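# Working through the structure, step by step
Single-letter residue listing:
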Amino acid sequence: MKTLTALLLLGLLCSLHMTSADVIKLETSTDCCLKFSPRIPLQQVVSLRTTSSSCPRKALIFTTKKGNTFCVDPSKAWVQSHVTKIESRRQ
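The following refers to the structure shown. Because the structure is predicted, anything quoted here is derived from the model rather than measured. (Residues numbered from 1 in each chain as written. Predicted model: local features only at pLDDT ≥ 70, side-chain atom pairs only at ≥ 80, totals over all residues. Heavy atoms only, no water.)

### Structural notes on the sheet that holds strand S4 (residues 60-64)
The sheet built from three strands is open, its strands ordered S3-S4-S5 with antiparallel pairing. Here the strands that pair on one side only, and so sit at the sheet edges, are strand S3 (45-50) and strand S5 (69-72). For this sheet, the mean angle separating the axes of adjacent strands, direction not counted, is 25°. Bridge count between S4 and S5: four bridges; the pairing is antiparallel. Residue threonine 63 lies in a different strand from S5, and its bridge partner there is threonine 69. (Pairing = 2+ DSSP bridges. Helix = DSSP H or I, 4+ residues; strand = E, 2+ residues; numbered from the N terminus. Axes fitted to C-alpha atoms, helices over the stretch in contact; angles between N-to-C directions.)

### Focus: the packing of aromatic side chains
Taken as a whole and judged by the stated rule, the model has one aromatic pair. Judged by centre distance (6.3 Å) and plane angle (75°), the ring pair of phenylalanine 62 and tryptophan 78 falls under edge-to-face. Separated by 16 residues along the polypeptide, phenylalanine 62 in strand S4 and tryptophan 78 in helix H2 (residues 77-89) bring together distant segments of the chain. Overall, the relative accessible area of 0% leaves phenylalanine 62 in the buried class. Lying across the ring of phenylalanine 36, arginine 57 places its NZ or CZ 4.8 Å from the centre. (Phe/Tyr/Trp six-rings, centres within 6.5 Å; stacked < 30°, edge-to-face > 60°. Buried < 20%, exposed > 50% of the residue type's maximum accessible area, 1.4 Å probe, protein only. Lys NZ or Arg CZ within 6 Å of the ring centre and 35° of its normal.)

### Details of the nonpolar core
One finds Ile40, Leu42, Val45, Leu48, Leu60, Phe62, Val72, Trp78, Val79, Val83 and Ile86 forming the largest nonpolar core, which totals 11 residues. For this core, the secondary structure elements donating two or more residues are S3, S4 and H2. (Core = buried A, V, L, I, M, F, W, Y, C linked by side-chain atoms within 4.5 Å.)

### What about the state of the cysteines?
Inspection of every chain in the model, using the stated rule, returns two disulfides. Across a sulfur-sulfur distance of 2.0 Å, cysteine 32 and cysteine 55 are joined as a disulfide pair. Every disulfide takes its handedness from the sign of the S-S torsion; for cysteine 32 and cysteine 55 that torsion is -80°, giving left-handed. In this pair, cysteine 32 is assigned in strand S2 (residues 31-33) and cysteine 55 in the loop between S3 and S4, connecting sequence segments 23 residues apart. Using a relative accessible area of 9% as the deciding quantity, one classes cysteine 55 as buried. Disulfide partner of cysteine 33: cysteine 71, at an S-S distance of 2.1 Å. Disulfide cysteine 33-cysteine 71: torsion about the S-S bond near -80°, hence left-handed. (Disulfide = S-S within 2.5 Å.)

Here's what the structure looks like:
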């Protein structure tokens, strides 16, 4: 009985860990954000994309040179400034 309880607790903890990530992969392979990251240096950001309209929270996802992804709040002034500069790099 103790083993079963321990396994259930371990499964619950693993489940909580998986859902607490910044970017959640849904079955449709859409990225949705649960929380926003603090300010990210512009020189580290190489690309950006928006979350799907089916996500509960509107967000942008910045990808860094190391391939890490960060969810950011598109209403923040620093994010809007980064977006303008990243888009000007593309041209």
